[in-house]
Amino acid sequence: MTSTEPVALPLTRQCPYAPPPEHLRLRDEQPVARVRLPSGMTVWALTRHEDIRAMLTDPRFSSDRNRPGFPAFTHDPIPVSLSLLGMDPPEHGPARRAVMGEFTLKRITALRPRIQQIVDERVDALLAGPRPVDLVPALSLPVPSLVTCELLGVPYAEHDFFQSRSATLLSRGVSVQQIQQALGELLSYLDRLIAAKEQEPTDDLLGRQVRRQQEQGPVDHEALVSLAFLLLVAGHETTANMISLGVLALIDHPEDLAVILRDPSRTPDAVEELLRWFTIAELGTSRVALEDVEISGVLIHAGDGVLGLSNTADRDPEVFTDPGSFDIDRGGRHHLAFGYGPHQCLGQHLARLELQIVLDTLFRRIPHLRCTVPVDELPFKNDADIYGLHELPVTW
């Protein structure tokens with residue numbers, strides 16, 4: 001593949017367990033390539049593990065989504081502040097450190113009893129209810145929604161509201177007007193929530209951020225609304241989708257499921273392989289060059305957008321042996337499912353813990369869980385920025 005013409009790059013997965021074949025072809029033949037997105041925009045695509053990690057740690061690439069040249073996946077992208085996700089140095093470091101203490105391994109581990117209680121209650125409801133059942137609304141969504149709501153201090157009674165708006169924002173198949181409406185409604189809700197916490201700070205993540213700012217000076221209300229937006233949407237959408245996909249993959253790989261049923265200490269290995277295998281939020285590794293930068297001998301000019309196709313990079317044979325296979329013995333935590341570098345996902349410890357507890361508990365209590373339709377007939381989220389399942393009908 002030597003043409004200098006941009007290659008049309010599809011962003012939808014045609015196989016539920018693999019990146020689009022066009023992405024894999026680029027990795028093998030032209031790992032730093034000019035591509036044309038479905039929006040019509042031309043950007044650079046990186047498909048190798050080493051190149052994406054280099055880009056994500058290079059300060060010459062910006063995370064600011066509102067900069068000209070930043071990759072856009074729709075024809076009419078809506079500017080929105082994504083707090084830490086779209087922030088560059090020098091602002092990014094202090095802002096990230098201010099909230100990092102909420103996501104330390106020690107602090108997240110302390111949540112284990114409450115997460116276990118939430119999962120047990122949902123599995124109790126599954127066992128007491130009719131069969132078959134759609135696991136997405138019955139388990140995958142409520143577990144991370146409850147955990148995120150309690151962590152942030154958002155009333156769980158509002159979860160249907162923010163879940164529906166989040167789904168709209170992450171879909172590529174809705175109109176600009178629908179996205180604008182969903183965004184406006186969600187930001188208005190969070191504006192009122194933060195205002196209430198400013199009047200009476202609560203003992204939760206957002207309340208503690210309010211109190212910290214009040215002690216240091218004027219409260220940056222808009223920044224707190226933006227932070228709440230990022231944590232609320234990212235905190236439940238990604239984990240909910242990984243729960244559904246993880247359950248499906250283990251049902252579809254009974255020999256690996258048998259391993260963790262015999263020895264639950266292997267569940268963390270299975271979680272890491274699931275994260276690598278699906279890499280559901282790969283479009284978060286987009287950047288725009290602030291100056292001319294060379295990657296693997298290719299010159300990327302200032303102002304050029306760069307798209308890191310991390311799902312493809314997590315199938316890089318230079319890094320992962322037999323990368324297309326699902327192998328819980330792989331033992332690799334160096335995947336890009338949580339990104340890499342200064343913007344690596346804050347909530348990765350929480351996501352891992354939720355996945356481990358859900359998979360252990362669900363399959364211990366319902367070891368003969370099975371999907372009621374073939375995998376290739378399931379409604380995958382091929383139209384969303386975060387990959388997952390719309391439905392997962394199961395029985396036992």
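Look above for the structure.
A. Layout of the sheet that holds strand β4 (residues 61-62). Strands sit in the order β1-β2-β3-β9-β6-β4 across an open sheet of six strands; the sheet is mixed. Two strands close off the open sheet at either side, each with one partner strand: β1 (7-8) and β4. As defined by bridge partners, strand β2 (residues 32-36) adjoins strand β3 (residues 42-46) across five bridges and the pair is classed as antiparallel. Note that in β3 the partner of V32 across the bridge is L46.

B. Representation of the packing of helix α11 (residues 221-252) against helix α12 (residues 254-262) within the structure. Contact pair α11 / α12: the axes reach a minimum separation of 5 Å and the direction vectors enclose 105 degrees. Accordingly, the angle class assigned to the pair α11 and α12 is roughly perpendicular. Here α11 contributes L250, I251 and D252 to the contact with α12, which in turn contributes P254, D256, L257 and I260. Considering only residue class, the contact of α11 with α12 consists of five nonpolar, no polar and two charged.

C. Examining the sheet that holds strand β11 (residues 393-395) more closely. Read from one edge of the open sheet, three strands run β5-β11-β10, paired in antiparallel fashion. Where the open sheet ends on each side, the last strands, each with one partner, are β5 (133-134) and β10 (370-371). By the bridge criterion, two bridges tie β5 to β11 in an arrangement that is antiparallel. Along β11, the bridge assignment pairs D134 with P393.

Here is what the cut-offs are and how they apply
Residues numbered from 1 in each chain as written. Predicted model: local features only at pLDDT ≥ 70, side-chain atom pairs only at ≥ 80, totals over all residues. Heavy atoms only, no water. Pairing = 2+ DSSP bridges. Helix = DSSP H or I, 4+ residues; strand = E, 2+ residues; numbered from the N terminus. Axes fitted to C-alpha atoms, helices over the stretch in contact; angles between N-to-C directions. Parallel < 35°, antiparallel > 145°, perpendicular 65-115°, else oblique. Contact = heavy atoms within 4.5 Å. Nonpolar A, V, L, I, M, F, W, Y, C, P; charged D, E, K, R; others polar.

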